[in-house]
Amino acid sequence: MRLRFPVLALALLAPAAVPLAVAGPASYAAAEGTGADHAHDAPVTVTTDLGTYVVDPVRSGPDVPAYDRRDASSAPLARQRSLTLNSNPGSERTIYLDFDGHRVAGTAWNSESGLAAQTYAGWSLDSDPAFSATELAFIREVWLIVAEDFAPFDVNVTTQDPGEDAITRDGRNDRFYGTRAFVTNDDEPLEVICGNGCSGIAYTGALANPDFHADLQPAWIFGQIQSSMTPKPVAETISHEVGHQLNLQHDGRFGEAYYEGHDIWAPIMGFSDFEPVTQWSDGAYSGYSTDDDFQAIDDDIATIADSGAPLRADEAGSTVQTAAATPPGSAVITSRTDVDVFALGTCTGSFTVTADPAAFAPNLDIELRVLDASGSTLATDNPPSFQQGDDLDTAGGMGASIVTTGTGQPLFARVDGIGTGNPSTAYDDFGSVGAYTLTVDGCEPDPEPETTVPGAPTIGSPVRGTKGRPLTAGIRWSPPSSDGGAPITGYVVYFARVDAFGNELKSFFSDELPTDRRSANFKVARGLYRFQVVAVNSVGESALSVPSTTVKAR
């Protein structure tokens, strides 16, 4: 077994009475036993000059073999890219997974905890500071887990140093900010900050704090004191600590500080190292309790979105009328109310639709439906989720696939995140959110409608100017019957001075007139005038309308 203490909670008086959240403490020693029963002694409350924290008892977990990814060279993402991974490049928010050391100076960790201002070592599986192929594969898997946890949110989870400007928030008007999740094996901060007794520690509400943001960085993840030397505990601790920075409190049960979950599920803000399905929670399981009071509502997703990491924009509507084209890459279910509907095109004969969640450690459990043009369900797939042998990272049955037959009609795919029963015995749809890919084999996508120039406007009667000067003449018109598949953006009037026989003497044209205009008058010289009008859209100008009758300027 691995021994691990659960999370501590500590409230500091300065700066600005920002509370501190601590995960741990942990012991890296091995213990006897099977891990079937975990110890839960009463927590100890300790008061210091800086505030009060709770030391929670030792919790044990099952034995897990040391990480040995011998097939790292064939991993889906190349090893050399492990330190340049980005989940959502271009986002205004950043979660930087820092594995290679960092200087900590001028922060509350220095002024309030007494930590020396210096550079602290990064993370390693051995004593060599250079990353081996195995360590790079380890980092990649940590990133995959954390990126999936934060997939519903408009935030970039990255292993590539984004620079301080992308992390530090400089006042309320600064939109570009985030956090540094510092993964370290350095014993000095572990001893100074929490007396060798925590696996992670972070200030609550730090990610979006506009006044003391730099003071409250980084979040600490102590790699040498995790429940096992595998990627999952490191990743779960990162998401847990960043969760605290986003104002999340602990998920406990019946007064126990950290709920370990049930069946194959555990809450991220509980103790989620040893279940393959780990999700954000709303406390819907029986006996929910928390020892904290800084989260306004028991809804992790809403709290994260309100605390600096907003939800991503929706890629598709939830009905056949608002369906999107099948996405070329991944899409995301962001909440229990988010349903994505995609147009498959015209399907004839046998075809297959597949919705795959994240390939590694998915949070999203998918229900897939095929709909007809009326929105009626023609086929559904929702396989039960299950643990795959000893795999604690990736549950089976999280994706869905349908093989059915089309008769030449347009069809649609509907993707929804669902649960697998009661939240007290399995899990419901609240935390079933995350990334997925949709693939279709055997349907021809409907051709994009051709966009052309608009039809010609209908010309109306010319308008003589009023008596007196300046001399004017004008024209009325009606919109064309067709906009060419693109909205009309305006009209241009072409007109000419003509002789008594209709021969053109001099031609003119107007600036583009607003789309709501239906008439125009122009200052002109004495004479006869004839008008034509064109409509304009994004493709170009329509053909000229038929010529108007001539009118004498006055």
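What counts, and where the lines are drawn
Residue positions within a chain follow its written sequence, with the count starting from 1. Per-residue local features are limited, in this predicted model, to residues with pLDDT of at least 70; the limit for side-chain atom pairs, both in listing and counting, is 80 or more; totals at the level of whole chains, interfaces and linings are taken over all residues. Based on all heavy atoms of the structure, the side-chain values leave hydrogens and waters out of the count. Strand pairing is defined by DSSP finding a minimum of two bridges between the two strands. For the purposes of this entry, the term helix denotes a DSSP run of H or I that reaches at least four residues, the term strand denotes a run of E that reaches at least two, and both are numbered from the N terminus. Helix span, expected: 1.5 Å multiplied by one less than the number of residues in the helix. We call a residue buried when its accessible area falls under 20% of the maximum for its residue type, exposed when it is over 50%, and partly exposed in between, using a 1.4 Å probe and counting protein chains only. A pairing counts as a salt bridge when a side-chain nitrogen of Lys or Arg comes within 4 Å of a carboxyl oxygen of Asp or Glu. The pairing test for Phe, Tyr and Trp rings, Trp by its six-membered ring, is centres within 6.5 Å, and the orientation test on the planes gives stacked under 30 degrees, edge-to-face over 60, and tilted for anything in between.

Caption draft 1: Seen up close, the sheet that holds strand E28 (residues 490–498). The four strands lie next to each other as E29-E28-E31-E32, forming an open sheet whose pairing is antiparallel. Of all the strands in the sheet, the pair left with one neighbour each is strand E29 (504–509) and strand E32 (551–552). Relative to E32, strand E31 (residues 528–536) runs antiparallel, the two sharing two bridges. Bridge pairing in E32 links Leu528 to Lys552.

Caption draft 2: Spatial organisation of helix H2 (residues 133–149). End to end, H2 covers 25 Å across 17 residues, agreeing with the expected 24 Å (1.5 Å per residue, within 8%). Counting buried residues in H2 gives 14 out of 17 residues, a clear majority hidden from the surface.

Caption draft 3: Representation of the pattern of salt bridges. Applying the stated rule across the entire model yields twelve salt bridges. Two residues, Glu92 and Arg93, come together in a salt bridge whose shortest N-O distance is 3.7 Å. With a closest N to O distance of 4.0 Å, Asp416 and Arg414 form a salt bridge. Taken individually, Asp416 and Arg414 each receive the classification buried, so the pair is uniform in this respect. Residues participating in the shared-partner salt-bridge network are Asp282, Arg336, Asp428 and Asp429.

Caption draft 4: How the structure looks around the environment of Ser199. Mapped onto the fold, Ser199 is located in the loop between helix H3 (187–194) and strand E13 (200–203). Spatially, the C-alpha atom of Ser199 lies 7.3 Å from that of Gly223, the residues being 24 residues apart in sequence.

Caption draft 5: Spotlight on the packing of aromatic side chains. Under the definition given, this model contains 20 aromatic pairs. Their ring planes at 65° and their centres at 5.8 Å tell us that Phe271 and Phe274 sit as a pair that is edge-to-face. For the pair shown, Phe271 and Phe274 are each scored as buried. A network of ring pairs unites the aromatic residues Trp109, Tyr120, Phe182, Tyr203, Trp220 and Phe222 as a single cluster.

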